[in-house]
Amino acid sequence: MIKYRIMNPADNAGGLKLCRKAKWNQLESDWQIFLQHSPGACLVAIFEDQIVGTVTTIRYGHSFSWIGMVLVDPDFRRKGIGQQLLHEALQLLHSEETVKLDATPQGREVYLKLNFVDEYPLSRMNRVLAEVIFHPTRARAIQKEDLPRLIEFDRKIFGADRSSLLQWMSEKAPGFAFLIEEGVEIKGYAMGRYGHDFIHIGPIIAQNIGIAQDLLIAALNKCAGRPVILDVLHFEPEWIAWLKEIGFTEQRNFIRMFRGTNRFKGVPENQFAIIGPEFG
């Protein structure tokens, strides 16, 4: 009796209700950007006019597509809804050369059966920031005129064009948007967004760990008194060690996975934090 269909703006409230049940951090604006970015490419599962499951997809140009927000109402789990939503999403993306996602360890077992393979691990780190961290930083606030250069810098390291997403983040939460440059050359940038329970800092894209540290400090100075999370890659052990030194703890782990050729890997070594598992 479960029906599956394309998600529309009227479904935002239902998606948000599932987020609260699952204790996920997303806001209504997150659902809006999914539908603005990918109209006709996000799905819901319906039981008696009630939304009981969701999945989102995003196409990042001609590089790869992304699957996220695989949510199932706790009262409807173990009925195959999540797996069917994934099949439906993959059908929407059947012509894509590469599809990516960030999986939980439990979800990984499902994705392996769908021909996804591991790429690299990530960890969610969190901290309640009691006070401002007074620390010298080279970072300055991102201005609107910086975006064309920043988007090109990001494309080379992320591996795909996500300009509309970065523009949305810079407009929604400009207080967390910083960059470091030498002359006219961008060396790194950071952004963030508000959530229901946490401020989520990410992405942090930088040419080295010192730049990443300065960018994060600049963003954290805007988060006094608020809990903060960031999702970090494991390529730089010193980065995770430093995060723990300044009070972050590991909350849970993810695995970046892909299906297909994965020709557009970007430079993960320079990605110190991602936007989030729902966006990559």
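Here's what I pulled together on the structure shown here. (Residues numbered from 1 in each chain as written. Predicted model: local features only at pLDDT ≥ 70, side-chain atom pairs only at ≥ 80, totals over all residues. Heavy atoms only, no water.)

### Description of the overall build of the chain
Here is the rule we go by: Only DSSP runs of H or I reaching four residues or more are called helices, and only runs of E reaching two or more are called strands; each is numbered from the N terminus. Based on C-alpha atoms, the radius of gyration is set beside the globule rule, defined as 2.2 Å times the residue count to the power 0.38. For accessible areas, the Shrake-Rupley method is used with a probe of radius 1.4 Å. Any residue's cover is judged against the shown protein chains and nothing else. This count recognises Lys and Arg as positive and Asp and Glu as negative, with His and chain-terminal groups excluded. Throughout, a charge is located at the NZ atom of Lys, the CZ atom of Arg, the CG atom of Asp or the CD atom of Glu.
If you tally the helices and strands in the chain, you get 8 helices and 13 strands. Here the chain has a C-alpha radius of gyration of 18 Å; the compact-globule value for 280 residues is 19 Å, and the two agree. For the chain, the C-alpha atoms occupy an extent of roughly 60 × 40 × 35 Å along the three principal directions. As displayed, the chain has an accessible area near 12,700 Å², and 51% of this comes from carbon and sulfur atoms. With 33 positive and 33 negative side-chain charges, the chain shows a spacing of 4 Å between the two charge centroids.

### Here we look at the nonpolar core
Operational definition: Working definition of a nonpolar core: buried Ala, Val, Leu, Ile, Met, Phe, Trp, Tyr and Cys residues. They are joined through side-chain atoms within 4.5 Å. Summary of the burial criterion: residues with accessible area below 20% of their type's maximum are buried, those above 50% are exposed, and those between are partly exposed, where the area comes from a 1.4 Å probe applied to protein chains only. Two residues qualify as a contact provided that any one of their heavy atoms is within 4.5 Å of a heavy atom in the partner residue.
Ranked by size, the top nonpolar core spans 37 residues in total, and within it Tyr60, Ile142, Tyr189, Met191 and Phe279 carry the most contacts. Of all elements in the fold, only α1 (12–22), α2 (28–37), β2 (43–47), β3 (50–60), β4 (64–72), α5 (147–158), α6 (163–172) and β9 (185–194) reach the threshold of two or more residues within this core. The dominant element in this core, judged by the number of residues it contributes, is α5, at 6 residues. If near-sequence neighbours (up to four positions away) are discounted, tyrosine 60 is found in contact with Ser65, Trp66, Phe158, Ala160, Asp161, Arg162, Leu165 and Phe279. Membership of the second largest hydrophobic core comes to 33 residues, among which are Ala139, Ile211, Ala219 and Ala273.

### Description of unusual backbone geometry
Across residues other than glycine, the phi torsion is negative in most instances, and most of the peptide bonds are trans. With omega at 10°, the peptide bond leading from glycine 202 into proline 203 counts as cis. One non-glycine residue, aspartate 49, adopts positive backbone phi at about 65°. If you trace the backbone, aspartate 49 turns up in the loop between β2 and β3. The exposed category is assigned to aspartate 49, whose relative accessible area is 78%.

### Here's the deal with the environment of leucine 90
Within the fold, leucine 90 resides in helix α3 (residues 81–92). We classify leucine 90 as buried; its relative accessible area is 8%. Put simply, leucine 90 and alanine 206 are 116 residues apart on the chain and 32 Å apart in space, counted from C-alpha to C-alpha.

### Some points on the packing of α1 against α2
This is how it is decided: The angle between two axes is taken between their N-to-C directions and runs from 0 to 180 degrees, where each axis is a line fitted to C-alpha atoms and a helix contributes only its stretch in contact. Between 65 and 115 degrees an angle is taken as roughly perpendicular, under 35 as roughly parallel, over 145 as roughly antiparallel, and anywhere else as oblique. Put simply, a crossing is left-handed when the front helix is turned counterclockwise from the back one by less than a right angle, and right-handed when it is turned clockwise.
Across the interface, α1 lies against α2 with an axial gap of 9 Å and an inter-helix angle of 125°. Relative to α2, α1 is oriented oblique. Note on packing geometry: the crossing formed by α1 with α2 is right-handed. Of the residues in α2, those touching α1 at Asn12, Gly15, Leu16 and Cys19 are Glu28, Trp31, Gln32 and Leu35.

### Regarding the pattern of salt bridges
This is how it is decided: Criterion for a salt bridge: a side-chain nitrogen of Lys or Arg within 4 Å of a carboxyl oxygen of Asp or Glu.
With the rule as written, the count across this model stands at 21 salt bridges. For arginine 108, the salt bridge identified is with glutamate 109, shortest N-O distance 3.4 Å. Classification of arginine 108 by relative accessible area gives partly exposed; the value is 22%. On the basis of relative accessible area, glutamate 109 is assigned to the partly exposed category, the value being 43%. The residue arginine 149 makes a salt bridge to glutamate 181 at a minimum N-O spacing of 3.2 Å. Of this pair, arginine 149 sits in helix α5 while glutamate 181 sits in strand β8 (residues 178–182), and the two are 32 residues apart along the sequence. A single network of salt bridges, built from pairs that share partners, joins Arg140, Asp146, Arg149 and Glu181.

### Some details on the pairing of β8
As a reminder of what qualifies: Paired strands, in this sense, are two strands between which DSSP finds at least two bridges.
Two strands pair when backbone bridges link them, and strand β7 (residues 140–141) and β8 are joined in this way by 2 bridges, in the antiparallel orientation. The residue bridging arginine 140 from the neighbouring strand is leucine 179, located in β8. Of the pairings in the sheet, the one linking β8 to β9 comprises 5 bridges and is antiparallel in character. From the neighbouring strand, isoleucine 180 faces β9, where its bridge partner is glycine 188.

### Brief notes about the side chain of aspartate 102
Operational definition: Think of a polar contact as two N or O atoms within 3.5 Å of one another; within protein, one of them needs to be a possible hydrogen donor and the other a possible acceptor, and neighboring residues in sequence only count if both atoms come from side chains.
Tracing the sequence through the fold places aspartate 102 in strand β5 (residues 98–103). Engagement of the side chain of aspartate 102 in a polar contact is seen with the side chain of arginine 256, the distance being 2.4 Å. Setting aside residues no more than four positions away along its own chain, aspartate 102 makes contact with Trp66, Leu122, Phe254, Ile255, Arg256, Ile274, Gly276, Pro277 and Gly280.

Distances and angles like these do not, on their own, reveal function.
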